[in-house]
Every structure is written in structure tokens, then in C-alpha cells.
Amino acid sequence: MKYFFKIEKNPRKGLIAVEWIVIGYMLLTTLVILFTFTKMDNAEEMLWGRFRVLMSIAALWGVYRMVPCGFTMFCRIALHLFLLSWWYPDTYDINRIFPNLDHLFASWEQQLFGFQPALLFCEAMPSKWFSELMMMSYSSYYPLIAVITLFYLFCRQQEFERATFIIIGAFFIYYLIFDFLPVTGPQYYYLAAGMDQIAKGVFPDVGHYFATHQECLPIPGFSDGFFHHAVEAAHESGERPTAAFPSSHVGITTILTLLAWHTRNKALIILSLVLLTLMCFATVYLRAHYAVDVFAGWISAAVIYGVLYFLAKKICSIRK
């Protein structure tokens, strides 16, 4: 508790690294919104939302300057952790102005495997327990973020800012990719293209179909399961036809596993590795991603973690 409420002798005057990442993303996407204003349905709402985030950053900075301690610094970082899911729909609002590219990714999937793993996986494993295992794994995404973050907060306080910088920075890098790479994933594309066409290995170009359509396939598996209902509720509240390649679920979970590995805590490492393994299967089982999205999630995570870890060592202070 001393870390939280002890007044700092030399408080930082400017913005912290996490805040600069958020402001940079807001600035870049604001320019995109302004240049494509007439093509967006809710451009004014998106701009107003960015203004509110900017004011929140300024307000928490002001509070920290008045009471410079670990708790007020934590609030500055926690704001952006809580807003991660709020930013997600932005990727759809921006990328739907571009023509959809799922037909390319589905074709590559077919060439690589000779079939569509997302189409056949859930049919090959119809058991209730396996369905619930996949749903539980997919649902573990945000809880695992909370576990890793809280572990660093309470057990590795000197590295908390670095760890959250890597997590938040990774999210915004993925969001930036999704903004300009309009791939929706099987759950949306299969329905739009027609399941009969997909079964035949035919992958039509649907163009700007998702600019006006958000219908998706029902979530497969045991429909009466607890975790099935949890995933279903999450999809209904915030899912959009966006953010399929690379899989940020796999990418972020991989980065969380690397952060767990850095702690050398065996329980945390085992938990992260198990959930990462299951997540790779779950994203395809739910038809949220193509298998190639999973591979891209691993590769992108390794690159993003390496870059952000290097930057974190340079720009994030160590709390003594």
C-alpha cells in the first residue's frame, strides 16, 4: 500500500508512454475520419468520443500533479485498460469504407489445408464438454489480461508501467492493422458468401457488403452451456464484422504469456500457456478466425512484443 499512497518526491511532469500511444492512435484515426467524413455514418460521434478521451487524459494528469502517488498514476494507466474494448468498434467504422478481403484469406486457407478448418472443426467435435471448453477458453481473454496486470501491480510494481505499456501498445497496434485490413472472419464471411459456396471451395468477392450488413452465423457448439451463453452475450453486445487478421485474441494471449514468462512465476506461466493453447483452437472452433489468422497471431505477437519491450526499457521509468 505504500506504493499507492506515498507522495512522490520527483513526480513526472509530462504524459506517460501509454498516454502518448493513445493520443497517437487518436490523432492518426482522426485524420482518417476527417478525410472520409462523408463515407462514415457516425463520424461526429467518433470525434466526440476522442475528445472525451483526451479530456479524461488531461483530467487524470491534473489529479496526478496535485496528488503525485502510485494510486493516481495507476488511475492514469487503468483508464486505458478499461477503454480497450471501447475502441474495438472503431475498427469496423473505419475499415468498412474499404472493400472486404475475406475471399483472399479463405482462398489461402483452402490452398494451405485443402479445406476450411473453421467449417469442419466444430462439426468434427460435437461433444458438449469440448464445446464448453472452447467457449471457456475464448471467454478467458479479458480475465487473463486482468490476472497478468494485477500480478504486475501487486507483485512486480517496479515493472507495472512497462507491462501495461506493452499490453495497451499491442492492442493499439492490432487496432491500427484492423483499421486498414478489412477481414471479418468465417462467422461473417461464410454467411455472406453462402455456406453452399464455401463447402464447394468457392470464395466470392463480396466487396462492400459489410458496410451495410452485420449478420453472422450462430455460435456453434452446445447452445445451452454456461460459457456458450457468455460468448453469445459478448458477441451480441459488441462484436462487429472486423478484426480477423491477424487474430488479436491469439496475439494478445501470446504477449500475455511472454509477460508471464518474464515473471518466472510457474503458476502464472502454466495458466497462460494452457489458455494460449486452448485459445488457438477456440478461435477456429467458434469460426471467429481462419487458421491462418492464428499463425499470424503468433508471428505478429513475437514482433510486437519485441518492439514494445525494447521501447518500454527506453521510455518507461522503473518504480522503486
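Reading the values: rules and limits
- Residues numbered from 1 in each chain as written.
- Predicted model: local features only at pLDDT ≥ 70, side-chain atom pairs only at ≥ 80, totals over all residues.
- Heavy atoms only, no water.
- Helix = DSSP H or I, 4+ residues; strand = E, 2+ residues; numbered from the N terminus.
- Rg over C-alpha atoms; globule rule 2.2 N^0.38 Å.
- Buried < 20%, exposed > 50% of the residue type's maximum accessible area, 1.4 Å probe, protein only.
- Contact = heavy atoms within 4.5 Å.
- Areas by Shrake-Rupley, 256 points an atom, 1.4 Å probe, with all protein chains shown as cover.
- Axes fitted to C-alpha atoms, helices over the stretch in contact; angles between N-to-C directions.
- Parallel < 35°, antiparallel > 145°, perpendicular 65-115°, else oblique.
- Left-handed = near helix turned anticlockwise from the far one by under 90°.
- Core = buried A, V, L, I, M, F, W, Y, C linked by side-chain atoms within 4.5 Å.
- Expected span 1.5 Å × (residues − 1).
- Polar contact = N/O pair within 3.5 Å; in protein donor to acceptor, adjacent residues only side chain to side chain.
- Phe/Tyr/Trp six-rings, centres within 6.5 Å; stacked < 30°, edge-to-face > 60°.
- Salt bridge = Lys/Arg side-chain N within 4 Å of Asp/Glu carboxyl O.
- Patch = residues over 30% accessible without salt bridge, like charges linked within 9 Å, V, L, I, M, F, W, Y side chains within 5 Å.

Asker: Tell me about the overall build of the protein chain, residues and numbers included.
Answerer: Helix and strand counts for the protein chain stand at 16 helices and zero strands. Its C-alpha atoms give the protein chain a radius of gyration of 21 Å, near enough to 20 Å, the size a compact globule of 320 residues would have. Each principal axis of the C-alpha distribution contributes one length, and for the protein chain these read about 70 × 50 × 35 Å. Going through the 320 residues of the protein chain one by one, you find that 52% of them count as buried. Taking the contacts inside the protein chain whose residues are at least 6 apart along the sequence as the reference set, 85% of them involve residues at least 24 apart. Carbon together with sulfur atoms contributes 69% to the accessible area of the protein chain, which is approximately 14900 Å² in total.

Asker: Give me the packing of helix α14 (residues 248-263) against helix α15 (residues 266-285): which residues, what numbers.
Answerer: At a minimum axis separation of 9 Å, α14 and α15 run at an interaxial angle of 165°. Overall, the two elements α14 and α15 adopt an arrangement that is roughly antiparallel. The two elements α14 and α15 meet at a crossing, and its hand is left-handed. Counting all contacts with α14, which are made through His249, Val250, Thr253, Thr254, Leu256, Thr257, Ala260, Trp261 and Thr263, the residues of α15 involved are Leu268, Ile269, Ser272, Leu273, Leu275, Leu276, Met279, Cys280 and Thr283.

Asker: Provide a residue-level description of the nonpolar core, including the pertinent values.
Answerer: Formed by 88 residues in total, the largest nonpolar core has its most connected members in Trp87, Phe165, Phe172, Tyr175, Tyr189 and Leu259. Here this core takes twelve residues from helix α10 (residues 160-180), the largest share from any one element. Residues in contact with Tyr189, not counting those within four places in the same chain, are Asn100, Asp102, His103, Ala106, Thr184, Ile198, Phe203, Pro204, Val206, Phe210 and Tyr290.

Asker: Could you give an account of helix α2 (residues 17-35), naming the residues involved and the relevant values?
Answerer: Helix length check: α2, at 19 residues, gives a terminal C-alpha distance of 28 Å against a target of 27 Å (1.5 Å per residue), a fit within 8%. Within α2, burial applies to Ala17, Val18, Glu19, Ile21, Val22, Tyr25, Met26, Thr29, Val32 and Ile33. Of the surrounding secondary structure, the elements contacted by the buried residues of α2 are α3 (43-66), α4 (70-82), α5 (84-95), α10 and α16 (291-315).

Asker: Run through the side chain of Arg287, naming residues and quoting values.
Answerer: As for its position among the elements, Arg287 is in the loop between α15 and α16. A distance of 3.5 Å separates a polar side-chain atom of Arg287 from the backbone oxygen of Leu119. Residue contacts for Arg287: discarding those within four places in its chain leaves Ala118, Leu119, Cys122, Glu123, Gly185, Pro186, Gln187, Met195 and Leu217.

Asker: Got a sec to walk through the packing of aromatic side chains? Specific residues and values, please.
Answerer: Going through the model one piece at a time under the given rule, you end up with 29 aromatic pairs. For the ring pair Tyr174 and Phe178, a centre distance of 6.2 Å and an interplane angle of 20° mean the geometry is stacked. Of the two residues, Tyr174 and Phe178 both sit in helix α10, four residues apart, roughly one turn of that helix. Across this residue pair, the class does not change: Tyr174 and Phe178 are buried.

Asker: Tell me about the pattern of salt bridges, and please be specific about residues and values.
Answerer: As enumerated under the stated definition, the model contains seven salt bridges in all. Put simply, Arg50 and Asp90 hold a salt bridge, and the shortest N to O gap is 2.4 Å. With Arg50 in helix α3 and Asp90 in helix α5, this residue pair connects regions lying 40 residues apart in the sequence. By relative accessible area, which is 4% here, Arg50 ends up buried. Arg156 is the salt-bridge partner of Glu159, the closest N and O atoms lying 2.8 Å from each other. For the residue pair Glu159 and Arg156, the accessibility class agrees, reading buried in each case. Residues joined by salt bridges that share partners form a network here, namely Asp41, Asp93 and Arg96.

Asker: Go over a nonpolar patch on the surface, please, and point to the residues and values.
Answerer: Together, Leu112, Phe295, Trp298, Ile299, Val303, Val307, Phe310, Leu311 and Ile315 make up a nonpolar patch on the protein surface, roughly 860 Å² of accessible area in all. Note on placement: Leu112 falls in helix α6 (residues 102-113). On the accessibility criterion, Leu112 (51% relative accessible area) is exposed.

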